[in-house]
Structures are given as structure tokens and as C-alpha cells.
Amino acid sequence: MPRYEFDPSTVTSAIPVLPKNDYEFIVGEPKSFIRKNAKGEDSFGVRYPLTVAEGEQKGKRIFLSTYYQSEGGQAAAKRFLMAVYGYKGNDEEEQRFNRDMRGQDWSFDPESGMVGEAFRQVTGKRVRGSLDVQPAKDAHGEPTGELNQNFKSWSPLSAVAMSA
């Protein structure tokens, strides 16, 4: 077996919390997940690595988890996906997104991490995100002293939808 050397001083141990700002991200390969939430219930969805494409934070990588066990989680996930695919967040564009994306492979298997082709097609696309920072809380709602990323809104890079 070959010998490997590791220098822990060259890597970051935590996912960064980006300062409040608007960012352009490159969307990485999505992966589905399942976990237990604070109430002990299944929480499942699709997680995306996002890499800052431009500016002072260029190259920093964070993660966005989208959730599908509730209508609210599904709506938030849809807003993100609409923006990545190039659709604006208004009623007319949502109806167009619905027509264009109906029947696509939106399946995912949280046990294996697999996602369907409609999820996979966002890999490499760019999206604008408006981010903020908020105090982190534990399972009982008490502040932990750490900070969490707060994803406020998503918008496409252009008004023209990218090919689906």
C-alpha cells in the first residue's frame, strides 16, 4: 500500500459562513440525503455544493440543502431550481417552468444518494443567491454562539431560460 502525507494546515475544517451579500454560484453535483430532524422525524431532500464564482469570496464552497417532506420545503426547492434553470420568480415564469419541466425525471433515492436527470442537469449551471447570516440554534431553539447561512432568495443570471 502506498504511503500518503496529510497536511491539515492546508484545508478548512468547517463550511464557511459567507458574509451577507449577493453572490454568483456555480452549482455542483447534487446528492440526495435523509436524516432525522430535531423532532426525530425523517427529513429528506437534495443537497447541492455551491462554489462562489466571482469576487472576494471566489472559490469558497458552501452547501444548500433543499427539503421535500413538506409543501413549504418543496416550494423553497422549486424557487431555487427555477432560478438555476433560468426562470424568474413570477407567476408567468412559474407556469412556463411547470410546462417545460413536467414529466422530467425528478426522482431521488436518499438511501443511495441518487438523483434523477432533472436534478443532475443543474450541475455546472450558475445562479445568483442573496445570502444573510443568522445566529445558529440547537435542537431546543437555544442560541449556540455560532452562525448559520441564511439563503434569502435566488435569481437567474438572465431572463432567458437555459435549456432544460
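## Here we look at the packing of helix 1 (residues 71–84) against helix 2 (residues 91–101)
Working step 1: Contact geometry of helix 1 with helix 2 gives a least axis separation of 11 Å together with a crossing angle of 85 degrees. Between helix 1 and helix 2, the interaxial angle falls into the category roughly perpendicular. Of the residues in helix 2, those touching helix 1 at Lys78, Leu81 and Met82 are Glu93, Glu94, Phe97 and Asn98.
Working step 2: Residue composition of the contact of helix 1 with helix 2, grouped by class: three nonpolar, one polar and three charged.

## What about the environment of Asp42?
Working step 1: As for its position among the elements, Asp42 is in strand 3 (residues 42–52).
Working step 2: The partly exposed category is assigned to Asp42, whose relative accessible area is 40%.
Working step 3: In this structure, the C-alpha to C-alpha distance between Asp42 and Gln95, residues 53 residues apart in sequence, is 30 Å.
Working step 4: Other than its neighbours up to four places away in sequence, Asp42 contacts Ile34, Arg35, Lys36 and Gln69.
Working step 5: In terms of polar contacts, Asp42 uses its side chain to reach the side chain of Lys36, at 2.8 Å.

## Looking at the layout of surface pockets
Working step 1: Volume-wise, the largest pocket comes out at about 940 Å³.
Working step 2: Lining the largest pocket are 38 residues, and of these Leu64, Ser65, Tyr67, Gln149 and Phe151 lie nearest its centre.
Working step 3: Counting residues per element, the lining of the largest pocket draws most heavily on helix 1, at nine residues.
Working step 4: What lines the second largest pocket is simply Tyr68, Gln74, Ala77, Lys78, Leu81, Phe97, Asn98, Met101, Arg102, Trp106 and Phe119.
Working step 5: The set of elements that each furnish at least two residues to the lining of the second largest pocket consists of helix 1 and helix 2.
Working step 6: The element contributing the most residues to the lining of the second largest pocket is helix 1, with four residues.
Working step 7: A class-by-class count of the residues in the lining of the second largest pocket yields seven nonpolar, two polar and two charged.

Quick notes on the rules
Residues numbered from 1 in each chain as written. Predicted model: local features only at pLDDT ≥ 70, side-chain atom pairs only at ≥ 80, totals over all residues. Heavy atoms only, no water. Axes fitted to C-alpha atoms, helices over the stretch in contact; angles between N-to-C directions. Helix = DSSP H or I, 4+ residues; strand = E, 2+ residues; numbered from the N terminus. Parallel < 35°, antiparallel > 145°, perpendicular 65-115°, else oblique. Contact = heavy atoms within 4.5 Å. Nonpolar A, V, L, I, M, F, W, Y, C, P; charged D, E, K, R; others polar. Buried < 20%, exposed > 50% of the residue type's maximum accessible area, 1.4 Å probe, protein only. Polar contact = N/O pair within 3.5 Å; in protein donor to acceptor, adjacent residues only side chain to side chain. 1 Å grid on protein atoms, 1.4 Å probe; cavity = no way out; pocket = protein on both sides within 12 Å on 5 of 7 lines; lining within 4 Å. Points joined across faces, edges and corners; volume = space filled by probe spheres on them.

All quantities given are derived from atomic positions and should not be read as evidence of function.
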